[in-house]
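What the coordinates show
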Number of protein chains: 4
Amino acid sequence: MVKIGIIGAGRIGQVHGKSILTGVPEAKIEAIADPYLTDQAREWAQGVGIQKISLDHKDIINDPEVDAVLICSSTDTHCPISLEAIAAGKHVFCEKPIDHNLANIQKVVDALQGTNIKYQVGFNRRFDHNFMAVRQAVADGKIGEQHVIRISSRDPAPPPVSYVKVSGGLFLDMMIHDFDMVRYLSGSEVEEVHAVGAVLVDPEIGKAGDVDTAIVTLKLKNGALAVIDNSRQAVYGYDQRAEVFGSKGCVQCGNDTSHTASLSTVDGVVSDKPLWFFLERYMSAYQLEIKRFVEAIVNDTPTDVGVVDGLAPVLIGLAAKKSLDLGRPVKLSEIG
Amino acid sequence: MVKIGIIGAGRIGQVHGKSILTGVPEAKIEAIADPYLTDQAREWAQGVGIQKISLDHKDIINDPEVDAVLICSSTDTHCPISLEAIAAGKHVFCEKPIDHNLANIQKVVDALQGTNIKYQVGFNRRFDHNFMAVRQAVADGKIGEQHVIRISSRDPAPPPVSYVKVSGGLFLDMMIHDFDMVRYLSGSEVEEVHAVGAVLVDPEIGKAGDVDTAIVTLKLKNGALAVIDNSRQAVYGYDQRAEVFGSKGCVQCGNDTSHTASLSTVDGVVSDKPLWFFLERYMSAYQLEIKRFVEAIVNDTPTDVGVVDGLAPVLIGLAAKKSLDLGRPVKLSEIG
Amino acid sequence: MVKIGIIGAGRIGQVHGKSILTGVPEAKIEAIADPYLTDQAREWAQGVGIQKISLDHKDIINDPEVDAVLICSSTDTHCPISLEAIAAGKHVFCEKPIDHNLANIQKVVDALQGTNIKYQVGFNRRFDHNFMAVRQAVADGKIGEQHVIRISSRDPAPPPVSYVKVSGGLFLDMMIHDFDMVRYLSGSEVEEVHAVGAVLVDPEIGKAGDVDTAIVTLKLKNGALAVIDNSRQAVYGYDQRAEVFGSKGCVQCGNDTSHTASLSTVDGVVSDKPLWFFLERYMSAYQLEIKRFVEAIVNDTPTDVGVVDGLAPVLIGLAAKKSLDLGRPVKLSEIG
Amino acid sequence: MVKIGIIGAGRIGQVHGKSILTGVPEAKIEAIADPYLTDQAREWAQGVGIQKISLDHKDIINDPEVDAVLICSSTDTHCPISLEAIAAGKHVFCEKPIDHNLANIQKVVDALQGTNIKYQVGFNRRFDHNFMAVRQAVADGKIGEQHVIRISSRDPAPPPVSYVKVSGGLFLDMMIHDFDMVRYLSGSEVEEVHAVGAVLVDPEIGKAGDVDTAIVTLKLKNGALAVIDNSRQAVYGYDQRAEVFGSKGCVQCGNDTSHTASLSTVDGVVSDKPLWFFLERYMSAYQLEIKRFVEAIVNDTPTDVGVVDGLAPVLIGLAAKKSLDLGRPVKLSEIG
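Reading guide: rules and limits
Residues numbered from 1 in each chain as written. Chains lettered and ligands numbered in written order. Predicted model: local features only at pLDDT ≥ 70, side-chain atom pairs only at ≥ 80, totals over all residues. Heavy atoms only, no water. Helix = DSSP H or I, 4+ residues; strand = E, 2+ residues; numbered from the N terminus. Rg over C-alpha atoms; globule rule 2.2 N^0.38 Å. Buried < 20%, exposed > 50% of the residue type's maximum accessible area, 1.4 Å probe, protein only. Contact = heavy atoms within 4.5 Å. Least-squares fit on C-alpha atoms with pLDDT ≥ 70 in both. Salt bridge = Lys/Arg side-chain N within 4 Å of Asp/Glu carboxyl O. Pairing = 2+ DSSP bridges. Axes fitted to C-alpha atoms, helices over the stretch in contact; angles between N-to-C directions. Parallel < 35°, antiparallel > 145°, perpendicular 65-115°, else oblique. Nonpolar A, V, L, I, M, F, W, Y, C, P; charged D, E, K, R; others polar. Buried area = accessible area lost by both parts, 1.4 Å probe. Polar contact = N/O pair within 3.5 Å; in protein donor to acceptor, adjacent residues only side chain to side chain. Phe/Tyr/Trp six-rings, centres within 6.5 Å; stacked < 30°, edge-to-face > 60°. Lys NZ or Arg CZ within 6 Å of the ring centre and 35° of its normal. Arc of directions from axis to C-beta. Domains from an automatic or database assignment. Right-handed = clockwise from strand over helix to strand, strands pointing away.

In terms of regular secondary structure, chain A is built from 13 helices and 15 strands. Since a compact globule built from 336 residues should have a radius of gyration of about 20 Å, the 20 Å found for chain A is in line with a globular shape. Principal-axis analysis of the C-alpha atoms gives chain A an extent of 55 × 55 × 45 Å. Looking at chain A as a whole, 61% of its 336 residues qualify as buried. Considering only residue pairs separated by 6 or more positions, chain A has 72% of its internal contacts joining residues 24 or more positions apart.

Before going further, it helps to spend a moment on the relation of the copies chain A and chain C. Between chain A and chain C, which share one sequence, the superposing operator has a rotation angle of 180 degrees and an axial displacement of 0.0 Å; the RMSD is 0.0 Å. Taken together, these values place the two copies in the relation of a two-fold axis. Using C-alpha coordinates, one finds that chain A approaches the rotation axis most closely at A:Val270, a distance of 2.2 Å. Counting the interface residues of chain A, we find that 100% of their copies in chain C are interface residues as well, pointing to one common contact surface.

To continue, consider the pattern of salt bridges. Counting across every chain of the model gives 116 salt bridges over all chains. Taken together, the shared-partner salt bridges connect A:Arg150, A:Glu243, D:Arg154, D:Asp229, D:Asp239 and D:Arg241 into one network.

All right, on to the pairing of strand S11 (residues 239-246) of chain D then. Two faces belong to every sheet, and in a regular strand the side chains alternate between them. Residue and element names in this part refer to chain D. For S11, the buried fraction is high: eight of the eight residues fall into the buried class. Going residue by residue along S11, you find Asp-239, Arg-241, Glu-243 and Phe-245 tucked away on one face and Gln-240, Ala-242, Val-244 and Gly-246 tucked away on the opposite face as well. Between S11 and strand S12 (residues 250-253), which follow one another and run antiparallel, lie three residues.

Residues and elements named next belong to chain A. Strand order in this open sheet of six strands is S3-S2-S1-S4-S5-S6, and the pairing throughout is parallel. Edge positions in the sheet fall to strand S3 (52-54) and strand S6 (119-121), since each of these pairs with one other strand and no more. Ignoring which end each strand starts from, the neighbouring axes of this sheet average 20 degrees apart. As paired strands, strand S5 (residues 91-94) and S6 are joined by three bridges and run parallel to one another. Pairing of Phe-93 across the sheet is with Gln-120, part of S6. Contacts between helix H4 (residues 75-87) and the sheet are confined to strand S1 (2-7), strand S4 (68-71), S5 and S6, with S5 contributing the most and set at about 165 degrees to the helix.

Residues and elements named next belong to chain B. In space, the six strands of this open sheet follow the order S3-S2-S1-S4-S5-S6, with parallel pairing throughout. Edge positions in the sheet fall to strand S3 (52-54) and strand S6 (119-121), since each of these pairs with one other strand and no more. On average, each strand axis in the sheet is inclined to that of its neighbour by 20 degrees, with strand direction left out of account. Where strand S1 (residues 2-7) lies against strand S4 (residues 68-71), four bridges are found, and the strand directions are parallel. The residue of S4 that forms the bridge with Ile-7 is Ile-71. Helix H1 (residues 11-23) rests against S1, strand S2 (27-33), S4 and strand S5 (91-94) of the sheet, and its axis sits at about 155 degrees to S2. In this fold helix H12 (residues 283-299) packs onto S1, S2, S4, S5 and S6, with an angle of close to 165 degrees to the strand it touches most, S5.

Moving on to the packing of H1(B) against helix H2 (residues 39-47) of chain B. Packed helices, taken two at a time, are described by the angle between their axes plus the distance between the axes. Residue and element names in this part refer to chain B. Across the interface, H1 lies against H2 with an axial gap of 12 Å and an inter-helix angle of 10 degrees. By the angle between their directions, the pair H1 and H2 is classed as roughly parallel. The residues of H2 that touch H1, namely those facing Gln-14, Gly-17, Lys-18 and Leu-21, are Gln-40, Ala-41 and Trp-44. Here the contact of H1 with H2 is composed, by residue class, of three nonpolar, three polar and one charged.

On the chain C side, the residues contacting the 12 residues of chain A number 12 residues. Both faces considered, chain A and chain C share a buried interface measuring about 980 Å² in area, 62% of it formed by carbon and sulfur atoms. Among the residues of chain A in contact with chain C, A:Val266, A:Val269 and A:Lys273 are the three that bury the most area, contributing 42% of the side total. Remark: the boundary between chain A and chain C carries zero salt bridges. Counting the contacts that link chain A with chain C gives four residue pairs in polar contact (both at pLDDT 80 or more). Looking at which element gives the most residues to the side of chain A that touches chain C, the answer is strand S14 (residues 268-271) of chain A, with four residues. Its residues placed into classes, the side of chain A that touches chain C shows five nonpolar, four polar and three charged. Across three bridges, the pairing between S14(A) and strand S14 (residues 268-271) of chain C is antiparallel. In the strand pairing of S14(C), A:Val269 is matched with C:Ser271.

Quick look at the environment of A:His91 now. Residue and element names in this part refer to chain A. One can find His-91 in strand S5. Linking His-91 and Ala-68, residues 23 residues apart in sequence, is a C-alpha distance of 4.3 Å. Separated by 2.8 Å, the side chain of His-91 and the backbone nitrogen of Lys-118 make a polar contact.

One copy of the chain maps onto the second through a rotation about an axis and a displacement along it. It takes a turn of 180 degrees to lay chain D on chain A, together with a shift of 0.0 Å along the axis; the resulting RMSD is 0.0 Å. Here 100% of the contact residues of chain D are again contact residues in chain A; the copies associate through an equivalent surface.

Time to look at the packing of aromatic side chains. One pass over the full model with this rule turns up 20 aromatic pairs over all chains. Centre to centre, the rings of D:Phe278 and D:Tyr286 are 6.4 Å apart; their planes meet at 70 degrees, and the pair counts as edge-to-face. With a relative accessible area of 26%, D:Phe278 lands in the partly exposed category. Residue class for D:Tyr286 comes out buried when judged on its relative accessible area of 5%. An aromatic cluster is built from A:Phe277, A:Phe278 and A:Tyr286, whose rings are joined through pairwise contacts. Above the face of the D:Phe245 ring, A:Arg154 is positioned so that its terminal group lies 4.3 Å from the ring centre.

So, on to helix H2 (residues 39-47) of chain A. Residue and element names in this part refer to chain A. Of all the residues in H2, the buried ones are Ala-41, Trp-44 and Ala-45. The buried residues of H2 occupy an angular sector of 95 degrees when projected down its axis, which confines them to one face. Along H2, exposed side chains directed more than 90 degrees from the buried face belong to Asp-39, Glu-43 and Gly-47. In this structure, the buried residues of H2 make contact with helix H1 (11-23), strand S2 (27-33) and S3. Downstream of H2 by a residue or two, Gly-49 has a phi angle that is positive, lying close to 85 degrees.

Moving on, we come to the interface of chain D and chain A. Of the residues lining the interface, 40 residues belong to chain D; the matching set on chain A comes to 40 residues. The junction of chain D with chain A conceals about 3000 Å² of combined surface from both sides, 66% of it contributed by carbon and sulfur atoms. In terms of surface lost to chain A, no three residues of chain D exceed D:Arg150, D:Leu225 and D:Phe245, which account for 19% of the buried area on that side. Taken together, the links from chain D to chain A amount to six salt bridges. Here D:Glu243 ties to A:Arg154 by a salt bridge, and the two come within 2.8 Å at their closest N and O atoms. Across the chain D-chain A interface, the total number found is nine residue pairs in polar contact (both at pLDDT 80 or more). Looking at the side of chain D that touches chain A, the elements that each hand over two or more residues are strand S7 (146-154), strand S8 (190-198), strand S9 (213-220), strand S10 (225-231), S11 and S12 of chain D. Among the elements that make up the side of chain D that touches chain A, the one with the highest residue count is S7(D) (seven residues). Residues belonging to the side of chain D that touches chain A are distributed by class as follows: 18 nonpolar, 14 polar and eight charged.

Here we take up the domain arrangement of chain A. Residue and element names in this part refer to chain A. As far as domains go, chain A holds domain 1 (2-117) and domain 2 (126-276 + 313-334). In this structure, domain 1 and domain 2 have C-alpha centres spaced 28 Å apart. Contact residues are listed per partner, giving six residues for domain 1 and 10 residues for domain 2. Ranking the residues of domain 1 by area buried against domain 2 places Lys-96, His-100 and Leu-102 at the top, with a combined share of 82%. Our count for the domain 1 to domain 2 interface comes out at two residue pairs in polar contact (both at pLDDT 80 or more). Residue composition of the side of domain 1 that touches domain 2, by class: three nonpolar, one polar and two charged.

With that settled, consider the pairing of strand S5 (residues 91-94) of chain D. Residue and element names in this part refer to chain D. By the alternation rule, side chains of S5 split into His-91 and Phe-93 and Val-92 and Cys-94, which are all buried. Of the pairings in the sheet, the one linking strand S4 (residues 68-71) to S5 comprises four bridges and is parallel in character. Bridging across to S5, Ile-71 finds its partner in Cys-94. For the segment spanning S4, helix H4 (residues 75-87) and S5, crossover handedness is right-handed. Handedness of the crossover joining S5 and strand S6 (residues 119-121) through helix H5 (residues 102-112) is recorded here as right-handed.

Put into structure tokens, the structure is as follows:
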């Protein structure tokens, strides 16, 4: 039985908690900590029987009963708490991104050296049924050599501008998932990126120094070309599609919907929109990633998304940002 | 907090138990009973914290702490236990069918007269996201007056012949869900049925006196015509589709799949098969039906699938059976 | 070069004429005749270079230059003109149905005995790309043994009641295509039918003694069961679907649309309706059937839809009519 | 009646000829000329009744009976023959591209100044049912302000390397259609492009100095971003898709197939591949473009694809080529 401490009792912390309670019988939530613990969170934690509830995450770090921590606190705390947890010999599941700063992430990489600590980064989409099916086809050689990867990733609605300002920007906050997806689907590293961006959704996002619409092309080490488009607002729902095209064929996935019904009338044939909310869209992925983290601990196998997988997309994101700033392609070797 | 006793700790009993544990915070499993309690069931019950575990369902019937019972035992016990529970003033959720015998079901109908006991029958498909979307379109008048209803319902693989022998036959065991679906989608009663059947899947089913393939046409009170086809074996998965066609349009639903990925190669474009297993296909429906049952108790509203909804499809099934035997259409007024 | 005389210069006669002109280089339109020749028809015929234009179909029958005739005149003339053409040694393409009277069709069957005259009946759907693909899968054994055949066939709008009165009724006028389709897709004969019908579209159709909505179940000689639903009015377009389900799988076809574009907005995902007009929907089928007729002449091979294929669906239609009248299943052996 | 002279009697010349014969009653093929006239072409021309067959295109230019010419000869002749035809006062339909050299195209632009000559360039995809439906949705404001345009355009198989060498390269030979499509779908001009390319299909294409796989991002004057991916080889067929995403929604189109049938078995659900051959895929578009050209003459309206529409994609193609060579974005203002 893996005993888990959850650091950060907000939405995503509770999501992971529920995943453990309902789908990971090999694990138990030993403790939860949050300096800004809300009444809702406290009630939830008590309701599901978590015994140790604290305002100080160090109570978890120092708890000898805790085997593993889930770091679900704000991004700026991911690195320091990771380091504390590693120092305390805890396994770590850390929400993405580890940090926006490569040197900080490198400290975590270094701290893990020589240990047998399991470290997993929260790139949940790797556990999504659709993307897994695409990856499986690629890995099975069904499409042969990879030629072109296409990803469209569009949020249903933009976050508040206050969030945008501290988010690290579109490339580190939103497209980082897609950079990870390119690496996951291709099994290859990225060599060079070129970004174009625009402010088309909300001028306030532009005033905050960010873009809300972007297309990034990527050259991969395996020779393939990739392209990602992002938008902060797809009014029809959370639009999440990927395609890998190669010498033997093409595999692609579409969106999930809430039902399969379609209505034919004089006005056309109407079917359901993509699911709107990311928690609904990726619920099973959130469940599976925690289950797989616990399995890595139990079976002493590498995690599916290691610290290097946490570092690489940040590197790509920084390169994309630089490309947008300079108006030219940027090699990853120019960063860091 | 509605305190629930589960009678029958087999597969479906545990499914409902999990639904309560993970999705119905207004309810609590107070007790579970099963005369043939397996080790697996006992461990499961203990693992999820059920305090009262018994071999005798009367322990639940007589437990003053229990507000409602879920009858998940074998079909032949549904009626007697329903009657006991009603006599004890418990609300009842009873798996389908209540009984194969109309007179027995009538006893339950009679017993409920004058009480405020909530009685719900386990026609889970009424809570399926796809069928609900079809019903919603019909109820909203999107297709106008109903003209034709089409249902295809095919199991992935036939049950053991030993089961077939005691199942009540295709019409009462399998197509009963589709008779219920016709009533649900149309909001109308059935007046007349005509059945054709054949033994095409397994000759042993024929030797057991049953058919494994059947088409039934139905005339509805609202004037619409309906048709259901059933097969005990669709090798590509659990095939569950419905369509309602009317004066203003047509609404139809397809199958659920495990992912949306499709692969294009020289051999064609391949996408995923329908989900294979009924528990996977209808998991969210099983969860919702229990949630709705508890809500009916909490809010003192009628259940979504009352005892009459449990009786009507049996009546239709008996008429279909008679039609197949006699080789002619049979009016429901000829039965019972 | 096969020299063709077209008898009947109306819509369908001109459709076949255009097919020859644009797609059948081995054939030439030698003559056209129509007792009610319109100005439009005369202009069309002259415009496409048809030399012999007549008001008397006997001019074509007696023309030694004519190798084959297309009978596109009214249904009541199909039999007598067929007999005249056969007597004159002409190959015959006859629009469906040959006749509503079995004895009359039998005369054509008899007249063809011992001759090498090619006779093809205009069941155009056998040449439709979608139904051909379904048939091909069945013929290739892709679905194994046939278990259930489902056909939905719905017109976009009802014909004038004046037409309904002389049409022979839904079963002989409209569903006859679907009876043919059951025979074509299954490669099997029909043994018994049961029909239910209703007047749901237009009460005037009922007053004319016909139904506008019907479901017919059929038992086939090969053991499979089939079901057809027809409606005179599908407001969303010409709805033409078929499905064959068997021991190894299921093949089904959907409708054709005018484009593949879909629009996703807050209101849903909207795609195109089925094509509305039968000539648009089946244009390529009309072209192929004439091409195949000419090929049968040129290569001295049997036609794809022989006189027996013209007789059988009429027999089924008469049985369906009788079933509806009597309210019981009718065996084909009861007819004729 | 518009009298047309076809210059170039090869495949595409005959395609246009057939379009006129079967679908453009307002036009007549007066003459055809080809210096390399094949026996097949001569037979075809005689077979369809073209009276004037010549080896010298000047016979058509000088023929006072000819109102309009279709220039279907090799690319290097498009400009000089256009100039000759304009000088002779003929309307001109010219296959794409007009030329690879901007100065040459400018001569045609200049020659047309002050005349009322109709000049149409053969960007056939603008007349495709799918792309027209996408454009219509955009033009109707269904997607609001444009944000992202995505086009995938992949040939089923690469052309011979001998052709690649004289083709002008991927951007001017193949992607030029997609540059036109971006202008057509958006109704906007392009300001800047960035190209990445690779040799992944055939090393011989690389040796010929070209790429066979490329992704180009474009900034449009209207603020939108666009991306095109091209491959010389999609083994599953001619893959032609487009999508326009904006503030109110997203419209996209898929491929055409030869039928709608799908087969469900234990191996999955298999449906048809995209049509393989461009003439099959775009046959109705080829027909419509000629019809519209003749209508522009008859009605004295501007052509749908004028000489400027012939120039602009060449400019974009040259910019893309330069971008690939220099490894940086290129503004269109840098070209010409």
